[in-house]
Amino acid sequence: MELAVEMRNITKTYPENNLRANDGIDFSLRKGEILCLAGENGAGKTTLMKVLYGLESHEKGTIRIRGNQENISSPLVANRLGIGMVHQHFMLVEDFTVAQNVVMGIEPRKYGIAYDLKKAVSLVNEAIAHHHFSIEADMLVRNLTVGQKQQVEIIKMLYRDVDILILDEPTTVLTELEIEALFSSLKQLAKRGKSLILITHKLKEIIAISDRVVVMRQGKMLGTYETKDVNEQQISALMMGKSISLSIKHAKRTDESQPVIECKKITVLRQGQERPLLKDLNFTAYSGEILGFAGVSGNGLGVLEAVLGGFIPVFDGKILHDGNDITNIGTAQLRRQGLAYVPSDRLQIGSSLKASVQENIIVGESRSFRKNGFIDQRQVTKHTNDLLEKYSTKGTAQMPIGTMSGGNIQKVILAREIERYQDYIVFSEPTWGLDIASSQFVYEQMASLRDKGAAVILISSNLDEILTISDRIIVLYRGTRVASFVGDEARNLSKEEIGEYMLGIRKQGASHV
Amino acid sequence: MQFTIPMLHSAITIMTPLLLASMGGLFTELSGMLNIALEGLLLMGAFCSIIFSYYTASMILGTLLGIVCTMILSAILASVTLNLKANVFITGLAVNLFASGMTVVLSFALFANKGVVVFDNIPPLPLLGTPELAKIPILGDIFIGHSAFVYLSWLLLALCYFVLYRTPFGFRIRATGLHPEALSSLGMRPNRYRFASFLISGFTCGLGGALLTLNLGAFVPNITAGKGWIALVVIFLGNKKPIGLLIAAFIFGLADAFSNYAQGALNIPSDFILAIPYIFTLLAMIGSSIYANKKGAIES
Amino acid sequence: MSEKRNPTSKNAFPTLKESIGSLLIVLIALSGVIILSFLLSKTPSKTLRYFFLGPLQNAYYFGNMLNGAIPLIFGGLGISLAMRSGNFNLGGEGQIYSGALATTLFALYLAPLGVVGAILALFIGAFVAGGLAGLSGYLRMKWDTSELITSFLISNAVVLVVNYLIAGPFMDPSTSLIATRKIPESFRLPVLLPPSSLSTALFFALVAVIIVHIYLYKTKSGYQLRMTGLNSRFAKYGGINTRKFIVLPMFLSGFLYGLGGGFAIYGTYFSSIKEFSAGMGWNGLAVALIAKNKPSMVIPAALFFSYIEAGARSAMLHSDVTFEIAAIVQSIVFFLISSEVLFTLFEKKRRYS
């Protein structure tokens, strides 16, 4: 069969964190097929596609397009070769019309210099009609729904006579109906001979639309499969990988367990998106327990983190801390009332890279470190050095934290938050990007906090992590709670089983929740 | 109100350099760069135009050469800002400082005079219009009998509108300011359009500056006296639209013309009247950010 | 302004690297002086001698050079505080001018109170200027209006209003200057280095540097201000009230400008003369940029700035060039600093070696 794209031995390392995002990847796309590129977050899917589209360079490997070896140095070259990409974040000028966005760069002209606006509208309307989309060329992009904006992005590529189309997580922000419409359009395109690549981690969609599926994990290629030969469970197992064995003792909820954080029917909305980000979420975090939230990205984990951290308000519902209402009081107030929180974005939110380690340690510190009204630098330095030693972190109090390794930065953040915690602590993706030893360290800290009676809330898309250390697990799918497991039930859960809930294949009955 | 008509007539003369400078500034502003160098560019244009007019004994040639010099300065500004990723704000200040120093230093070096340099061989700017046209009641008195620069500025304003809203180049300039990644994801370079905007700023400021000195037949140190800064304000008050620039520049021109009159006849201090457009712009900016904020609050 | 640098490319000795860079900038700027002298002057060696040595040749020139640095120190400190918190204050011109006028007027009014009156008048002037800058901060906090533009607009309007007040209701008819009445003798600061106009205001400027340094690096509020400027998301996450650190630094920034204006009255001018402070606001900004917003570096930056001006002034008096070559040299410094050309040069070399 004729190959549209053939990538051989592609290797790409990000110099910033020395992360090998693509490690000797072999990838091929047949002409006229729909291929899904599946994998967890950070598996390297988007990087591979950015290499193909000329947005990222690669150190090793060759790319052949329709059999010819090519050097794709920019999106312009990619377009010329008939490759188009629809980004996860729309590249649209909101104040322009659909037509103006679509033809940008190859505008129809009259009299040599003038922009033929009428012709642009008619040309784009033709393209829209040809591909059976539901938008009109003279609509203002600002007024379109998310699904319609995505159509504009697709038309933008098709208008350029692209015959290899990459779509990065195209369904994340769409409603069910919009997804159906998108899929039928994509199938139409494939029928006309276009070759399509969908980056996704949604199993249902892989089964529904693809001819073949490629699975990646941690920068490596696991294999290419004919979709008809595999089922959802098998793909899920491949994506999630084998469990690592870490022995962390689990705790049982006892009579002494107290509710610490209670969320009552919280709903978070965002305008321009029909689906709520979180919907009627109920849960209680008890003292002496690690409560794990599992889910695939885009299903509400990040939103839950932002709500608990006080960054975004809830639209509806109540949050209680030790029975006191703490709904929408903002981060500063939450901190004063005992919030300890290790954020998922440790470089942008959890630390200030240009500030020194000790300046990172004392942020929002309730202890004053003050002598005669001034900050007592010696005491701060001593406190910082004590913490660095206690958490076996290499570094000095005065160095900018940005010069530390990722693992050590995370240790500083952990040290700060653990030292200040009162009765609950939130961890979001605490081991993302860390090596095994550092991860183990984080888990031990979490377990010891739990044993001291803390209510530990863990938000993580890493299933191993969830299964290893949670005493109780809640699974989020599309902003709602689809399953929860307590005690032995949580301990004996297999990855495949929980993966099916995370990916929306299964759902617990209302009675279970 | 017999003072109104001459006042409107002089408001039109006063507003023209503002209009020209703000037109160029509009391009940089729309491409996403705050161009505070308008003042320096205007001053450079003012100085170079009259110098070259003096040496070439041709106002047209002098103006053209003045524009070229101003565009060179704006090209330096653009390449330092864009290629070396400098802060446009600081480089803009540098251009203003450079122009204020360079013009006086050169004027001193060439004419051994750092004060007002009067050029005898430069005739007054010819005023256009026929007696018949000037006879049209009111309108004739206001709109006829200006220099070519005034009418040229109106033509350029129309051209400015045409370029921004009716050419691919204009759409790309605006897209650069609104969403540069939209351009780069299609393989175009936003910085190229920013560079072009700076050059356009150089062009219009060169022309606007030429009007300042040629109208006077002399170079006065710091002749621009903040007109470039006002041009920046005109862009904001004009809501970043060509027609808005015309209205906003006219408001400033009128305030200036009125302040001269009010000082004498009405005993209102001219400084108060000159301050009004700034306060007006401030209120307009506050109003628009309140509006944007309300809209944003619903969205987030 | 955001200077996002790659964290991995950080030098362990940023101060060493930065000082080499600054030194190079100074050298290039001074070689600019040499080139300009050879181009413009018929007696370049004489011009250069007066340019470089003039400011140091006698007490008069030296004192005036130091005196010229005083308002630049206050302005530079003010801008540094605003920039450290991630805010821009473009209204220095109006703030320094209005602060000076308010101080003058209250000094005249409070003359009977003696020293207390002098201090009171100084602080009233600073509060007026601080309030103007704080208003821009408030607008940004409340509605996200660009503080850069509003501070500039407010300043422009204020300059005109102050012009009116000086030339109108408060003008002293007894002099030929457009100026207010002179403040009482008892309010004037002693002259340090006669016959120059250097006054003890210099000491107050140095004290201000120390206070701002202590505030930024030794107090909780200063710490929170710096954290907000470095990474406001982190500051917010850490429980810092980031909204407060939009208004407060802008206020303090204007406050310092106002003090600069007040001390200029007490030490040098003794009355608000029309447009006496024109350019001081912008130069304060320039000083802060050269000092990279470090309070301790504001002193050498201000001295460098006023040295160039004093040198140009001396060269003008004794040779055949004009004072404005100072502005050209200053603009070269600006270009070099803004582009950080020299800094990046070092970084690249290091990375590839």
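That block above? That's the structure.
Residues numbered from 1 in each chain as written. Chains lettered and ligands numbered in written order. Predicted model: local features only at pLDDT ≥ 70, side-chain atom pairs only at ≥ 80, totals over all residues. Heavy atoms only, no water.

Attention now moves to the overall build of chain B. Tallying secondary structure elements over chain B gives 13 helices and two strands in all. For chain B, the C-alpha radius of gyration of 20 Å lies close to 19 Å, the compact-globule estimate for 300 residues. Reported as C-alpha extents along the three principal axes, the dimensions of chain B are approximately 55 × 45 × 35 Å. Counting the 300 residues in chain B, one finds 56% classified as buried. Expressed as a percentage of contacts within chain B between residues at least 6 apart in sequence, the contacts between residues at least 24 apart total 73%. For chain B, the centre of its 14 positive side-chain charges and the centre of its 9 negative side-chain charges are spaced 15 Å apart. (Helix = DSSP H or I, 4+ residues; strand = E, 2+ residues; numbered from the N terminus. Rg over C-alpha atoms; globule rule 2.2 N^0.38 Å. Buried < 20%, exposed > 50% of the residue type's maximum accessible area, 1.4 Å probe, protein only. Contact = heavy atoms within 4.5 Å. Lys, Arg positive; Asp, Glu negative; His and termini not counted. Charge placed at Lys NZ, Arg CZ, Asp CG, Glu CD.)

What follows is about the overall build of chain C. Of the regular secondary structure elements, chain C holds 14 helices and zero strands. Overall, chain C shows an N-to-C arrangement of helices and strands of α-α-α-α-α-α-α-α-α-α-α-α-α-α. Looking at chain C residue by residue over its 353 residues, the buried ones come to 59%. Long-range pairs, those at least 24 residues apart, make up 75% of the contacts in chain C with a sequence separation of at least 6. As displayed, chain C has an accessible area near 14,100 Å², and 68% of this comes from carbon and sulfur atoms. (Areas by Shrake-Rupley, 256 points an atom, 1.4 Å probe, with all protein chains shown as cover.)

Where nonpolar side chains cluster on the molecular surface, the patch consists of Ile60, Leu61, Leu64 and Leu65 of chain B and spans about 370 Å² of accessible area. When you line up the elements, leucine 61 of chain B lands in helix 3 (residues 59-83). (Patch = residues over 30% accessible without salt bridge, like charges linked within 9 Å, V, L, I, M, F, W, Y side chains within 5 Å. Salt bridge = Lys/Arg side-chain N within 4 Å of Asp/Glu carboxyl O.)

As a further point, take the pattern of salt bridges. In the structure shown here, the tally under the stated rule is 26 salt bridges over all chains. In this structure, the salt-bridge partner of glutamate 226 of chain A is arginine 30 of chain A, at a minimum N-O distance of 3.2 Å. Of this pair, glutamate 226 of chain A sits in strand 12 (residues 220-226) while arginine 30 of chain A sits in strand 2 (residues 19-30); the two residues are 196 residues apart in sequence, bridging distant segments of the chain. With relative accessibility at 24%, the residue glutamate 226 of chain A sits in the partly exposed group. The partly exposed category is assigned to arginine 30 of chain A, whose relative accessible area is 23%. With its nearest N and O atoms 3.1 Å apart, the salt bridge here joins glutamate 29 of chain B to lysine 240 of chain B. Here glutamate 29 of chain B is found in helix 1 (residues 4-30), whereas its partner lysine 240 of chain B is found in the loop between helix 11 (227-237) and helix 12 (242-265), with 211 residues between them in sequence. Exposure remark for glutamate 29 of chain B: the relative accessible area of 14% places this residue in the buried category. Take lysine 240 of chain B: its relative accessible area is 31%, and that puts it in the partly exposed class. The structure contains a network of salt bridges with shared partners spanning Glu94, Asp95, Arg142 and Lys149 of chain A.

The next point concerns the packing of helix 4 (residues 92-109) of chain C against helix 6 (residues 147-167) of chain C. All names here are of chain C. The geometry of helix 4 relative to helix 6 is characterised by a closest axis approach of 8 Å and an angle of 30° between their N-to-C directions. Here helix 4 lies roughly parallel to helix 6, going by the angle between them. Crossing of helix 4 over helix 6 shows left-handed handedness. Counted together, Glu93, Gly94, Tyr97, Ser98 and Leu101 of helix 4 and Ser155, Val158, Val159, Val162, Asn163, Leu165 and Ile166 of helix 6 form the full contact between these two elements. Split by residue class, the contact of helix 4 with helix 6 holds seven nonpolar, four polar and one charged. (Axes fitted to C-alpha atoms, helices over the stretch in contact; angles between N-to-C directions. Parallel < 35°, antiparallel > 145°, perpendicular 65-115°, else oblique. Left-handed = near helix turned anticlockwise from the far one by under 90°. Nonpolar A, V, L, I, M, F, W, Y, C, P; charged D, E, K, R; others polar.)

A word on the environment of glycine 193 of chain A. Residues and elements named next belong to chain A. Note that glycine 193 resides in the loop between helix 6 (176-191) and strand 10 (195-200). Considering only alpha carbons, one finds glycine 193 and isoleucine 164, 29 residues apart in sequence, at a separation of 9.4 Å. If we ignore the near neighbours within four places in the chain, the residues touching glycine 193 are Lys31 and Gly32.

Take the sheet that holds strand 18 (residues 340-342) of chain A next. Residues and elements named next belong to chain A. With mixed pairing, six strands are arranged side by side in an open sheet as 18-21-22-15-23-24. Here the strands that pair on one side only, and so sit at the sheet edges, are strand 18 and strand 24 (480-486). On average, each strand axis in the sheet is tilted by 15° relative to the strand beside it, whichever way the strands run. In the sheet, strand 23 (residues 472-477) pairs with strand 24 via six bridges, with the strands oriented antiparallel. Paired with valine 475 across the two strands is alanine 483, which belongs to strand 24. Contacts from helix 13 (residues 406-420) reach strand 18 and strand 21 (424-428), with the element oriented near 165° to strand 18. On the sheet, helix 17 (residues 495-502) packs against strand 15 (289-294), strand 23 and strand 24 and is oriented at approximately 40° with respect to strand 23. (Pairing = 2+ DSSP bridges.)

Let's shift gears to the environment of alanine 455 of chain A. Residue and element names in this part refer to chain A. Structurally, alanine 455 can be placed in strand 22 (residues 455-460). Spatially, the C-alpha atoms of alanine 455 and serine 287 are 4.1 Å apart, while their sequence positions differ by 168 residues. Those residues within four positions of alanine 455 in sequence are excluded, and the remaining contacts are Val260, Ala285, Tyr286, Ser287, Gly288, Glu289, Asp423, Tyr424 and Ile425.

Now for the interface of chain B and chain C. Each partner contributes to the interface: chain B provides 39 residues, whereas chain C provides 40 residues. Taken together, both faces of the contact between chain B and chain C bury some 3,600 Å²; the carbon and sulfur share is 84%. Here chain B is connected to chain C by zero salt bridges. Our enumeration of links across chain B and chain C arrives at three residue pairs in polar contact (both at pLDDT 80 or more). Among the secondary structure elements, those contributing two or more residues to the side of chain B that touches chain C are helix 3, helix 4 (88-111), helix 11 and helix 13 (270-299) of chain B. (Buried area = accessible area lost by both parts, 1.4 Å probe. Polar contact = N/O pair within 3.5 Å; in protein donor to acceptor, adjacent residues only side chain to side chain.)

Proline 194 of chain C connects to proline 195 of chain C through a cis peptide bond whose omega is 5°. Structurally, proline 195 of chain C can be placed in the loop between helix 6 and helix 7 (201-218). Notably, histidine 132 of chain A is not glycine yet its phi reads approximately 55°, a positive angle. By secondary structure assignment, the location of histidine 132 of chain A is in the loop between helix 4 (117-130) and helix 5 (146-159). Its identity as a non-glycine residue notwithstanding, asparagine 222 of chain B has a phi of 55°, on the positive side. Its location among the elements puts asparagine 222 of chain B in the loop between strand 2 (218-219) and helix 11.

Another aspect to go through is helix 4 of chain B. Residue and element names in this part refer to chain B. Helix length check: helix 4 (24 residues) gives 34 Å between terminal C-alpha atoms against 34 Å at 1.5 Å per residue, within 8%. Counting buried residues in helix 4 gives 17 out of 24 residues, a clear majority hidden from the surface. Once helix 4 ends, the next one or two residues include alanine 112, with phi positive near 50°. (Expected span 1.5 Å × (residues − 1).)

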